[in-house]
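# Summary of structural features
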Amino acid sequence: MSLIASTPKPPYYAVIFTSLRTDGDNGYGEMAVRMVELAAKQPGFLGVESVREEVGITVSYWKDLESIRAWKDDLEHKEAQRLGNERWYSSFKVRVARVEREYGI
């Protein structure tokens, strides 16, 4: 998978997940890999980009709001969300945005 997602011509949607981690891995690394694999199989998934320094930022791209809702409600993803609240994140925020334009090289 490319480091920069290859997305279609807009409009489409971006889910921006910004987080601060707790100390230790506590199974996070394995689950993070699994979530990217699982998301990539979801209808409407377009790509993902992720970085982690002090603050982690993951942006996933989706065809439409229905695809985002279905991903949020996926049972395995729900379990990851639960564990995130209990173990992995001291703070996080999710933002959903409609991408109107894109450009680059």
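Further up the page is the structure itself.
Everything numeric here is computed off the predicted structure, so don't read it as measured data. (Residues numbered from 1 in each chain as written. Predicted model: local features only at pLDDT ≥ 70, side-chain atom pairs only at ≥ 80, totals over all residues. Heavy atoms only, no water.)

Another point: the overall build of the protein chain. The number of helices and strands found in the protein chain is three helices and four strands. Here the C-alpha radius of gyration of the protein chain, 14 Å, is about what a compact globule of 105 residues would show, namely 13 Å. Dimensions of the protein chain, computed from the C-alpha atoms along their principal axes, are close to 40 × 30 × 25 Å. Split into buried and exposed, the 105 residues of the protein chain put 31% on the buried side. Sequence separation of 24 or more characterises 77% of the internal contacts of the protein chain that already satisfy a separation of 6 or more. With an accessible surface of roughly 7300 Å², the protein chain has 55% of that area assigned to carbon and sulfur atoms. Between the centroid of the 15 positive side chains of the protein chain and the centroid of its 16 negative side chains there is a distance of 5 Å. (Helix = DSSP H or I, 4+ residues; strand = E, 2+ residues; numbered from the N terminus. Rg over C-alpha atoms; globule rule 2.2 N^0.38 Å. Buried < 20%, exposed > 50% of the residue type's maximum accessible area, 1.4 Å probe, protein only. Contact = heavy atoms within 4.5 Å. Areas by Shrake-Rupley, 256 points an atom, 1.4 Å probe, with all protein chains shown as cover. Lys, Arg positive; Asp, Glu negative; His and termini not counted. Charge placed at Lys NZ, Arg CZ, Asp CG, Glu CD.)

Before going further, it helps to examine helix α3 (residues 75-88). Its 14 residues give α3 an end-to-end C-alpha distance of 18 Å, which sits within 8% of 20 Å, the value for a rise of 1.5 Å per residue. Every buried residue belonging to α3 is among H77, A80, L83, G84 and W88, and all of these are buried. On an axial view of α3, the arc spanned by its buried residues comes to 115 degrees, and they lie on one face. Away from its buried face, by an angle of more than 90 degrees, α3 presents the exposed residues L75, N85 and E86. Buried residues along α3 sit in contact with β1 (12-21), α1 (28-40), α2 (65-73) and β4 (89-99). At the N-terminal end of α3, a side-chain oxygen is found 3.0 Å from the backbone nitrogen of E76, two or three residues along, and the residue is D74. (Expected span 1.5 Å × (residues − 1). Arc of directions from axis to C-beta. Polar contact = N/O pair within 3.5 Å; in protein donor to acceptor, adjacent residues only side chain to side chain.)

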